[in-house]
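A closer look at the structure
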Amino acid sequence: GTIRPVLSYLWTEHRVPNGPRRAAAGILCFPNPAADILNIYGNGFRGNTLTLSLIDISGKVVLHQNHSFAQEEFTLSENISALPAGTYLVQVSDGTGKTYTQKLIKQ
């Protein structure tokens, strides 16, 4: 697919190189486990403002960002190298009451 930079994010319209191959609505995090860069692929969020949260095992929000995408599919790349190793929850909410969550292992 076509890859275009949007601010500091990686945007993919169809396929993510070495990543997931189109999924039902929701999110996929890869690689998982991750050490430095976490890619978050989302599908089914057209025209919505999304809230991305990364939550540690104690429930503390360690990352909270808002993003807007015009396309249904997107990929975000986040540098997580400064986070301590452990288990986290990656949560994406679309503002319409839909929240998608995936467990992440940080190495």
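Residues numbered from 1 in each chain as written. Predicted model: local features only at pLDDT ≥ 70, side-chain atom pairs only at ≥ 80, totals over all residues. Heavy atoms only, no water.

1. A few points about the overall build of the protein chain
Per the secondary structure count, the protein chain includes zero helices and nine strands. Reading the secondary structure of the protein chain in the N-to-C direction produces β-β-β-β-β-β-β-β-β. Within the protein chain, the proportion of its 107 residues that are buried is 35%. (Helix = DSSP H or I, 4+ residues; strand = E, 2+ residues; numbered from the N terminus. Buried < 20%, exposed > 50% of the residue type's maximum accessible area, 1.4 Å probe, protein only.)

2. Notes on the nonpolar core
In this structure, Leu38, Ile40, Val90, Val92 and Leu104 are the most contacted members of the largest nonpolar core, which totals 17 residues. Only β3 (26-30), β4 (37-43), β5 (49-56), β7 (73-79) and β8 (86-93) provide two or more residues apiece to this core. Setting aside residues no more than four positions away along its own chain, valine 90 makes contact with Ile27, Cys29, Leu38, Ile40, Leu52, Ser53, Leu54, Tyr100, Thr101, Gln102 and Leu104. (Core = buried A, V, L, I, M, F, W, Y, C linked by side-chain atoms within 4.5 Å. Contact = heavy atoms within 4.5 Å.)

3. Side note on the confidence of the model for the protein chain
Here the protein chain shows a mean pLDDT of 79. Residues at 70 or above account for 75%. Least confident of the elements in the protein chain is strand β2 (residues 9-12), whose mean pLDDT is 39; most confident is β8, at 94. Overall, residues 1-18 carries pLDDT values under 50, and its contacts beyond four positions in sequence, including any with other chains, amount to 37 contacts. (pLDDT = per-residue confidence, 0-100.)

4. Thoughts on the side chain of aspartate 56
Within the secondary structure layout, aspartate 56 lies in strand β5. Side chain to side chain, aspartate 56 and serine 58 meet in a polar contact 2.7 Å long. Setting aside residues up to four positions removed in sequence, aspartate 56 forms contacts with Val62, Thr87 and Tyr88. (Polar contact = N/O pair within 3.5 Å; in protein donor to acceptor, adjacent residues only side chain to side chain.)

5. Here we look at the pairing of β4
The buried fraction of β4 amounts to six of the seven residues, a majority that puts the element mostly inside the structure. The pairing of β3 with β4 spans five bridges and is classified as antiparallel. The partner of leucine 28 across the bridge, within β4, is tyrosine 41. In this sheet, β7 lies alongside β4 in antiparallel orientation, the contact comprising seven bridges. For leucine 38, the partnering residue across the bridge sits in β7 and is glutamate 78. (Pairing = 2+ DSSP bridges.)

6. Quick notes on unusual backbone geometry
Between phenylalanine 30 and proline 31 the backbone carries a cis peptide bond, its omega angle lying at -10°. Considering the arrangement of structural elements, one finds proline 31 in the loop between β3 and β4.

7. Examining the sheet that holds β4
Pairing is antiparallel across the open sheet formed by three strands, whose spatial order is β3-β4-β7. Here the strands that pair on one side only, and so sit at the sheet edges, are β3 and β7. Between one strand axis and the next, the sheet turns by 20° as a mean value, whatever way the strands run. (Axes fitted to C-alpha atoms, helices over the stretch in contact; angles between N-to-C directions.)

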